[in-house]
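# A closer look at the structure
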Amino acid sequence: MSDVLSRSTPAVGASQSGSTAPSRRTFLQGAGLAAGALALGLPKRARAAERTEITFASAKFFGKQTMAQVVDAYNQSQGKIHVTYVELPPPSSSTEVHTALVQQLARRTGTPDVFTQDVVWIAEFAGAGWALPLDEYFNASVQSQFFPGLVAACTYNNKLTALPWYVDSGMLFYRKDLLEGIGAKPPQTWDELTAAAQEIQKSGKADFGYLWQGKQAEVLVCDLVEAIASNGGSILTPDGKSSALSDDKAVAAVQFLYDTINKTKISPSDVLSWDEEPSRQPFTAGRAPFLRNWSYVYAIAQDKAASSVVDKVGVVPLPHFAGGKSAACLGGYQYGVNANTKNREAAIEFLTWMSSPATQLQFALQLGIAPTRPEVFEDAQLGKEQPFMKQLKSVFTGATPRPVTPKYAQVTLAIQSGVSKALVSGNIKAELEAASAKINAIVAG
Ligand code: GLC
């Protein structure tokens, strides 16, 4: 297997050529659903005629398996419902995925019946009345099977308007061998990271020190939330009514990011055009000791076909500033049901399968994305294949959300543009003040 989650630049490798991809049956068996339709003993066409047809739109996720294969496994597992999968761009193309979903949901035609949404769009979709409240289908006892923080993130105005799929959080991938080589432990502060990166770069053992994502895109907001929160700051004030982006703590955090390129030189200027995959590639090619990224990277790093650092990668919480605390941005996509669906029951049945412990386990093993059910973290096979997941459970559950507002789509564009200008020009305070004025107008208006 090579690529675990398709980001902006899908990696070439076994998962795409299909050479090592487990068959659809693997997912079926893994999910304990091999019986299903096959056991009905009906000819396929006869079953198809009686099936309820629903559509499912999601960003493009794939690893050892693709989302299309997962949907196919569901279709094969039973004879009542047939799901047509509509593939949107990868999650790194967040703005494009958002636009595609908004266009479809705003038509209020009931298509797609089911969708996945970035955790940051839940308030907007619920506020617009596009997402069906799900409490009556997934009651308190079902909800208690998921991490409470995720249920809270899926709740808007006291209604469950999304169902937890996977949880993501930023984390630090590091090279165990390179750190051992200089007698250092994984860094806990940004100063420690900088010093270790510089020493390793000086020794000629790596071209770069620290790889992160500075592209004017959603992921920049994630890196920003982490840097600012690790200095005790935030993007909005605690009441959510105004911007805190030009406060001293935020300015110092952005200055640190700027300095990684221009002063301490632990990051190449290319980071300013990188999102997830372009930053991941030099790391798994063995060219840097440190990378900030999401959980999907681990399985790629452990894949001989895609990585020259197999068994050399560790994962720890991101560093913090002196006096601050490590912070990880809360990410992940969650399920939603179209408020205008004409196939409510089928949509709920499909999501019951998609959100079951067995299916969550397969998503974690096959796509490298973390479960939202605590019990799945305890699975032995997951512990063996992706040990960092359980080790970092508290990082996932304690992750820092991006601003929660129905106007997030506007807020993020203002942040992306302002922070991007700050990182390019070095006029950090002035650009963050300008961005703050824009954010204030959005959140107040
Ligand atoms: C990941 C996260 C998502 C975030 C995106 C940014 O897919 O799960 O929440 O918005 O990255 O690129």
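Source: prediction; values computed, not measured.

The pairing of strand β1 (residues 52-58) with strand β2 (residues 81-87) spans 7 bridges and is parallel. Following the sheet pairing, A57 is matched in β2 by V86. The parallel pair β1 and β2 is bridged by helix α5 (residues 67-77), and the resulting crossover is right-handed.

This part covers the sheet that holds β1. The sheet built from 4 strands is open, its strands ordered β2-β1-β3-β12 with mixed pairing. Two strands bound the open sheet, and with one partner strand each, they are β2 and β12 (333-337). Direction aside, the axes of adjacent strands within the sheet are offset by 25° on average. Bridging between β1 and strand β3 (residues 114-118) involves 2 bridges; their strand directions are parallel. Each bridged residue has a counterpart across the sheet, and for A57 the counterpart in β3 is F115. Together, β1 and β2 form the strand contacts of α5, whose direction differs from that of β2 by roughly 175°.

All right, on to the pattern of salt bridges then. This model, assessed by the stated rule, comprises 13 salt bridges. Measuring nitrogen to oxygen at the nearest pair gives 2.8 Å for the salt bridge that ties D177 to R175. What makes R175 buried here is its relative accessible area of 6%. Between R287 and D207 there is a salt bridge, with its nearest N and O atoms 2.6 Å apart. In this pair, R287 sits in the loop between α14 (276-284) and β9 (290-293) while D207 sits in the loop between α11 (190-202) and β8 (210-211), placing the two residues 80 residues apart along the sequence. Using a relative accessible area of 35% as the deciding quantity, one classes R287 as partly exposed. Salt bridges sharing common partners tie together D118, E218 and R402.

About the cut-offs
- Once a new chain begins, its residue numbering starts again from 1 and follows that chain's sequence as written.
- With pLDDT at 70 or above as the cut-off, local features in this predicted model cover only qualifying residues; side-chain atom pairs require 80 or more to be listed or tallied, and sums for whole chains, interfaces and linings still use all residues.
- Based on all heavy atoms of the structure, the side-chain values leave hydrogens and waters out of the count.
- Whether two strands pair depends on DSSP finding at least two bridges between them.
- Comment: elements are numbered from the N terminus, with helices defined as DSSP H or I runs of at least four residues and strands as E runs of at least two.
- Viewed with both strands pointing away, a crossover whose connecting path from the first strand over the helix to the second turns clockwise is right-handed.
- The angle between two axes is taken between their N-to-C directions and runs from 0 to 180 degrees, where each axis is a line fitted to C-alpha atoms and a helix contributes only its stretch in contact.
- Two residues qualify as a contact provided that any one of their heavy atoms is within 4.5 Å of a heavy atom in the partner residue.
- The term salt bridge refers to a side-chain nitrogen of Lys or Arg lying within 4 Å of a carboxyl oxygen of Asp or Glu.
- With a 1.4 Å probe rolled over the protein chains alone, any residue whose accessible area is under 20% of its type maximum counts as buried; one over 50% counts as exposed, and the rest are partly exposed.

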